[in-house]
Structure formats: C-alpha cells, structure tokens
Amino acid sequence: MASKNSLMTWIDRRLPVTENLERHLTKHPVPSKVNFFYLFGALLMVVFMIQVITGIWLMMFYTNTEEGAFASVEYIMRDVEYGWLMRYMHSTGASAFFFLMYFHMFRGLLYGSYQKPKELVWLFGCFLLFLLMAEGFLGYVLPWGQMSYWAANVILSLFGAIPFIGESLQVWIQGDYVLSGATLSRFFALHVVVVPLLMIALVVFHIFALHEVGAGNPEGVDIEKYRDKTGMPLDGKPFHPYKTFGALPAIGIFFIVFFAIVYYAPTGGGYFIEKPNFEEANFLKTPEHIAPVWYYAPFYSILRAVTFGIPFLGITSKFLGFIIFAASIAILFIVPWLDRSKVQSIRYKGIFSKIAMIMFATSFITLGYLGTKPVNEIRTFIAQICTVFYFLPFLLMPIYTKYEKTLEVPDRL
Amino acid sequence: MQITSSVVGAVTVAGFAVPFLSAWQPSERAKALGASVKYDLSKLEPGAMAVVEWRRTPIFIVHQTTEAIKNLPSLNQKVANPALEEGVSRTINEKFSIIKGVCTHLSCAPKYYPEIEPKAWDENWKGGFFCPCHGSKFDLAGRVYKNVPAPTNLEVPPHSFEGDTLIIGEA
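What you see is a predicted model, and the numbers here were worked out from it, not measured in a lab.

A. Structural context of the overall build of chain A. Counting its secondary structure elements, chain A contains 16 helices and two strands. By its C-alpha atoms, chain A is 75 × 60 × 40 Å across when sized along the principal axes. Residue burial in chain A is summarised as follows: out of 413 residues, 52% are buried. Taking all contacts inside chain A whose residues are at least 6 apart in sequence as the whole, residues at least 24 apart take part in 78%. Entry remark: accessible area of chain A is about 20400 Å², with carbon and sulfur atoms responsible for 71%. Charge separation in chain A, taken as the distance between the mean sites of 31 positive and 27 negative side-chain charges, equals 10 Å.

Here it is, written out as structure tokens:
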C-alpha cells in the first residue's frame, strides 16, 4: 500500500485527482431523501454515452453523400454485423434522450430546481435542450429518407420566412438553392462534431455548477443549514456510494425498457422512425402528411397553430409562427426570473402554482398529440387554445407566485 | 496597447471568418446545376398539367382551358392578393400558367384539382391547387385563397416563351 500511496501523492502533487474525487464523489453531499424524479439526470448521462458510442460506430459505415447516404444506412441494417443494433440503439436513444430530458426538466419546474442560486444550472440545462433539439433534427436528416428530406425542408423554410435576409440565409444554410447533398454533408459535420462537442462542454458546466450550489430535493429544504462535526450536512449523504449505487437499479430498469424497444418495437409504431423514412428522399414527391417525430410534436403544433400574421407590421403568419415556436423554448430560459415564490417546491406552493403546472403539462401533451396528426379546423382551434395555455403559466408566474399563499417549509428533510 | 491589440484581434477574426462562412454558399457546381430548362408546350392539352424539374423544384405548367381563363377574374374576391402582375394566368402568354409547385407555407407540394365541382375543402371549388399538408388553397393561376396557412401566392419562376418552347430559368 505504501507504494500506492506514494504514487497517489506523486500524482496529486501534479494533478489534484484525490481532491477532485472527494469534492465531486466521495465527499460531495446529496440530499438523503429524494424521489424517482431525481434519477433522470443519471439516466441522461447513460443515454448520452449510448449515443456517443453507437454514433461513433455508425459513423464508421455511414456515407455522408446524397447518392450514398440512404444506401449506406441499408448497408448498416443488412450487411454490417450488428449494424441494426447500433442503428436502433441510436434511434431509440434519441427518443429516450428526449423522454428523459422532458421529465428531468419537468422535475425542475415542479421542485423549483431553477431558483436562486441554481439559475446557471437551469440555464445550461435549457441550452442543452436547445442543442439536443438541433442535434436530433440534424441527425434525422442523415438517413436521407423521404421524411428526413421533407421535414428538413419544412424547418429550413422557416429561416426563409425571416423578413429581408430570410431567402439568402436559407440558401446559405443549405449551400444550394434547394436542400441537397451540400446540406447533407454539412449537417453530418454539425451532427457528429460541432453539436456533440458543445453538448459535452455544457454537461460539464451543468454538473460543475450543480456541485457548487448543491442538488435540490422535493421538499425544497436547504440541507446546508445543519451539519455534523465533519461538515457533512445532517440530511446529506456522500454522492458515492449512496447516489451512484442508488442509481444502479434505475439504470437496470431503464435498460430493460430501452432494449425491449430496440428489439421489439424500434420504429415505435412510426413515432420513433416514421414510415416514409424507409423510402429514399425524392424531391419531386412530397409525402401526403408531414409529421415530426413525437419529441418535436408539441413545438410543431405551436408552429402550425399560428394561422394569422400581423399585416400592418409586414409579419406573415409563417414568420409569426416561427417567432412563437422559438418563444416556446426561449421562455424556459427565463423561468428563474419569473418565479417570485418564497418556497421552491410545488409541495409548499399555493393552489395557483399547482393549477399552472397541470395546465402546462396538459397542454404540452395535447399539443404533442395534435402535432402528429394532420390538421383540420377543430384540431387547429384546440392547438391554438393549448398554445395559450402553454404560455400562460409562465407569463403569469411573476404575479401568482408572488401573491399566492404558501406553506411553511420544514427545517429538516 | 489594449485597444490596438483588440482591434487587430477583431480584424483577424473577422478576416478568417470570411472564407469559413463563404464556404457555406452554393458552390460553382451548385450554381451550374441551377441553369435553365426547356419544355415543348405543343404537346400539352388544355386542362392538362405538366411537371418539369428546375433547380430540383417541381415546376407546374398548366394549359388553362377557356372556361378557366373566364373564371379566374371572378375569384378576385376569394384570393388574398388579386393583383395580376402579367395577365390572367400570371404569364405573358395567358393560356399557360408557370408555377413553382412548392407551397409557400412549409414547402409541401400542392395537388392539382382542375375540376369545377364541390370539394371537401370548398363547396364552390373553381379548380386550383390544394395542399394536403396544411390545407392551403390556391386558384388555377396559383393565387392563394384568404384565411389559409400559406402567406403568399405560389411563386412564378423566371421564364420566357420562344414560339412553342418554354424556357424556365431565364426571364
């Protein structure tokens, strides 16, 4: 043991390994009582790793040209040993990523995980959601199927809706007058290098910021208040082994569900991989019905719900739709400054906060359902109401959180 | 010193940004592939529509029937922007409409329904284009109806006529 200790001392003098292990793992305090909502962060790390590893392997066989892309995906599926497994893990991983992300963020909204001093943790998380959405979009284009092509067309034409600069901006992004191989190869570069690098950086910031301010709990109790003689909070437990081993059963259950989907329902009934995407992109033939993958459906619904513009300002319905669609994500960034409540957790907040959360969750799910369906008048009307209900909980937050009656938060967990 | 180095630094970054950002513009090959295409109009029957590909975009060439040409002005009430730049069919040669087959809403392909009969989306349908994606309606000259998602008329690509030959891509 002496040699090991002296080796560690030698290393620690040059790179503070022990200090950082203690700081972030063996001595980092986490609240002793949390619920299942607090497992999604760990699961997100697992999915991120799945995506990186399967992504690297897919990259070894994928061709990023207009002529070769679709055929190379077929090659991966049919000829490469376990290629199908890599691809289905990657595509199911994308769905899992969003599923966990939505729950992880909903947890944040419920238990006030964005409140002072956790604003930056929340902001980095919101940037991660934005990057994940970009990453998912770029990745969906790569197989160059019908839905890849036409969904990308819909999204890129949104940039074309920006007044004055729109058209040239769209051509610049596409690298052609139409969506083509030039677009595909730059999307490939962004999908495999640029966005993942940014995501890794943000995950690091997210976790460092979290470890600085300390993890929250469903009660909204500040565990730092009472400490024992060693400085460990009385309601705290070291991250390792409590949190690490505590997460293992959850990871096990997650893997069971994840691989059940990978093996038995990789296309998720057309919601994870859409049927038209099994046909190669054809720029002369639009699919009958362009629907997004399920995880974009709520936002797509908001985009479509805007059927009117502001004519006297020269704003078309399409551009206004784009603005409101962008606002639906942007509004999440400012939540820490909208919430004026004295308490963190929904458990101690007043009735209005509870109604607001139900309103938000219901409209989000309804919008998601509508986004996958073709439009008609009734659906558009419902989507418009849900869009209003999506924004109201946030827009009114400064008022109701300030004036509603809250309960007394206990001292200890 | 600080100001000088900041300015020099900013200029350097901006200078290096130019080639990297310009690389995203359409390449010379992409520009060449965007050249014009020709189409022989003599084979197109009245009421029929041909689809020609230009810059990978479907271009609809509609040979208007006499009835359709007569009907078009009566739709002025229903369309959002009735002004006709060129003639009833929005071209110099009013017998033909040349339209980009890309919905101005979100780039779907509108479908051609020339029949004058009640349709699920319009009881007084006078013929035109209907977009199955989000329900936008256009008349036979590609003018957009009021109160549909599409903000503007279907685009008319630059084109010219040389006798019976249509040239798409050159005005």
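B. Representation of the sheet that holds strand 8 (residues 159–162) of chain B. Residue and element names in this part refer to chain B. Here we have three strands laid out as an open sheet, ordered 1-9-8, and antiparallel in their pairing. Each edge of the open sheet carries a strand with a single partner, namely strand 1 (37–40) and strand 8. Each adjacent strand pair in this sheet contributes to an overall mean axis angle of 25 degrees, direction not counted.

C. Region of the structure containing the pairing of strand 2 (residues 49–54) of chain B. All names here are of chain B. Of the two faces of strand 2, only one is covered, namely that formed by Ala50, Val52 and Trp54; the face formed by Met49, Val51 and Glu53 stays uncovered. Where strand 2 meets strand 3 (residues 57–63), six bridges bridge the pair, whose relative direction is antiparallel. Bridge pairing in strand 3 places Ala50 opposite Ile61. Connecting the antiparallel pair strand 2 and strand 3 is a turn made up of two residues, with Arg55 showing a positive phi of about 50 degrees.

D. Spatial organisation of the interface of chain A and chain B. At the junction of the two partners, chain A supplies 30 residues and chain B supplies 25 residues. Of the roughly 2500 Å² buried at the junction of chain A and chain B (both faces included), carbon and sulfur atoms supply 62%. On inspection of chain A and its partner chain B, the count reaches one salt bridge. With a closest N to O distance of 2.5 Å, Glu66 of chain A and Arg56 of chain B form a salt bridge. When residues of the side of chain A that touches chain B are traced back to their parent elements, those giving at least two are helix 7 (146–160), helix 8 (166–174), helix 9 (181–213), helix 11 (297–305) and helix 12 (317–333) of chain A. Take the side of chain A that touches chain B: its biggest share by element is five residues, from helix 7 of chain A. Residues belonging to the side of chain A that touches chain B are distributed by class as follows: 17 nonpolar, seven polar and six charged.

E. Looking closely at the side chain of Asn277 of chain A. Residue and element names in this part refer to chain A. Inspection of the secondary structure assignment puts Asn277 in the loop between helix 10 (239–264) and helix 11. For Asn277, the side chain forms a polar contact with the main-chain nitrogen of Met147, separated by 2.9 Å. Not counting residues up to four positions away in its chain, the partners in contact with Asn277 are Phe70, Tyr140, Pro143, Gly145, Gln146, Met147 and Ser148.

F. Structural context of the packing of helix 11 of chain A against helix 12 of chain A. All names here are of chain A. Running from N to C, helix 11 and helix 12 point in directions that differ by 145 degrees, and their axes come no closer than 7 Å. For the pair helix 11 and helix 12, the sense of crossing is right-handed. Every residue of helix 12 that contacts helix 11 at Phe299, Ile302 and Leu303 is listed here: Gly321, Phe322, Ile324, Phe325, Ser328 and Ile329. By residue class, the composition of the contact of helix 11 with helix 12 is seven nonpolar, two polar and no charged.

G. Examining the packing of aromatic side chains more closely. Residues and elements named next belong to chain A. Under the defined criterion, the tally for this structure stands at 43 aromatic pairs over all chains. When the centroid spacing of 6.1 Å and the interplanar angle of 80 degrees are considered together, the rings of Phe37 and Tyr111 count as edge-to-face. Of this pair, Phe37 sits in the loop between strand 1 (29–31) and helix 3 (40–59) while Tyr111 sits in the loop between helix 5 (83–110) and helix 6 (119–141), and the two are 74 residues apart along the sequence. Judged on exposure class, the residue Phe37 and its partner Tyr111 are both buried. Where Trp144 meets Tyr149, the ring centres are 5.4 Å apart and the plane angle is 90 degrees; that geometry is what we call edge-to-face.

H. The nonpolar core, seen in detail. Membership of the largest hydrophobic core comes to 129 residues, with the highest contact counts inside it found for Leu109, Phe187 and Phe394 of chain A. Inspection of this core shows a minimum of three residues originating in each of domain 1 (39–271) and domain 2 (291–406) of chain A. The next biggest cluster of nonpolar side chains, apart from the first, holds 11 residues, and it includes Leu44, Ile59, Ile61 and Ile98 of chain B.

I. Quick peek at the state of the cysteines. Residue and element names in this part refer to chain B. Counted by the stated rule, this structure contains one disulfide over all chains. Residue pairing for Cys108: its cysteine sulfur links by disulfide to Cys133, the two sulfurs lying 2.2 Å apart. When the S-S torsion is -105 degrees, as for the bridge of Cys108 with Cys133, the disulfide is left-handed. In this pair, Cys108 sits in the loop between strand 4 (96–100) and strand 5 (111–113) while Cys133 sits in the loop between strand 6 (128–130) and strand 7 (137–139), placing the two residues 25 residues apart along the sequence. As far as the burial class goes, Cys108 and Cys133 line up, both buried. With no disulfide of its own, Cys131 lies 3.9 Å from the sulfur of Cys103, the closest cysteine sulfur.

J. Fine view of the pattern of salt bridges. All names here are of chain A. Evaluated as defined, the whole model comprises 12 salt bridges over all chains. Where Arg23 meets Glu212, a salt bridge forms, and the shortest distance between an N and an O atom there is 3.2 Å. Pair noted here: Arg23 is in helix 2 (residues 17–26) and Glu212 is in helix 9, with a separation of 189 residues, a long-range link. Glu212 gets classed as exposed once you look at its relative accessible area, which sits at 58%. Of the charged contacts in the structure, one is a salt bridge between Arg347 and Glu219, with a shortest N-O distance of 2.5 Å. Of this pair, Arg347 sits in the loop between helix 13 (335–338) and helix 14 (351–371) while Glu219 sits in the loop between helix 9 and strand 2 (236–238), and the two are 128 residues apart along the sequence.

Reading guide: rules and limits
- Residues numbered from 1 in each chain as written.
- Chains lettered and ligands numbered in written order.
- Predicted model: local features only at pLDDT ≥ 70, side-chain atom pairs only at ≥ 80, totals over all residues.
- Heavy atoms only, no water.
- Helix = DSSP H or I, 4+ residues; strand = E, 2+ residues; numbered from the N terminus.
- Buried < 20%, exposed > 50% of the residue type's maximum accessible area, 1.4 Å probe, protein only.
- Contact = heavy atoms within 4.5 Å.
- Areas by Shrake-Rupley, 256 points an atom, 1.4 Å probe, with all protein chains shown as cover.
- Lys, Arg positive; Asp, Glu negative; His and termini not counted.
- Charge placed at Lys NZ, Arg CZ, Asp CG, Glu CD.
- Pairing = 2+ DSSP bridges.
- Axes fitted to C-alpha atoms, helices over the stretch in contact; angles between N-to-C directions.
- Buried area = accessible area lost by both parts, 1.4 Å probe.
- Salt bridge = Lys/Arg side-chain N within 4 Å of Asp/Glu carboxyl O.
- Nonpolar A, V, L, I, M, F, W, Y, C, P; charged D, E, K, R; others polar.
- Polar contact = N/O pair within 3.5 Å; in protein donor to acceptor, adjacent residues only side chain to side chain.
- Left-handed = near helix turned anticlockwise from the far one by under 90°.
- Phe/Tyr/Trp six-rings, centres within 6.5 Å; stacked < 30°, edge-to-face > 60°.
- Core = buried A, V, L, I, M, F, W, Y, C linked by side-chain atoms within 4.5 Å.
- Domains from an automatic or database assignment.
- Disulfide = S-S within 2.5 Å.

Function cannot be read off these values alone, since they describe shape.
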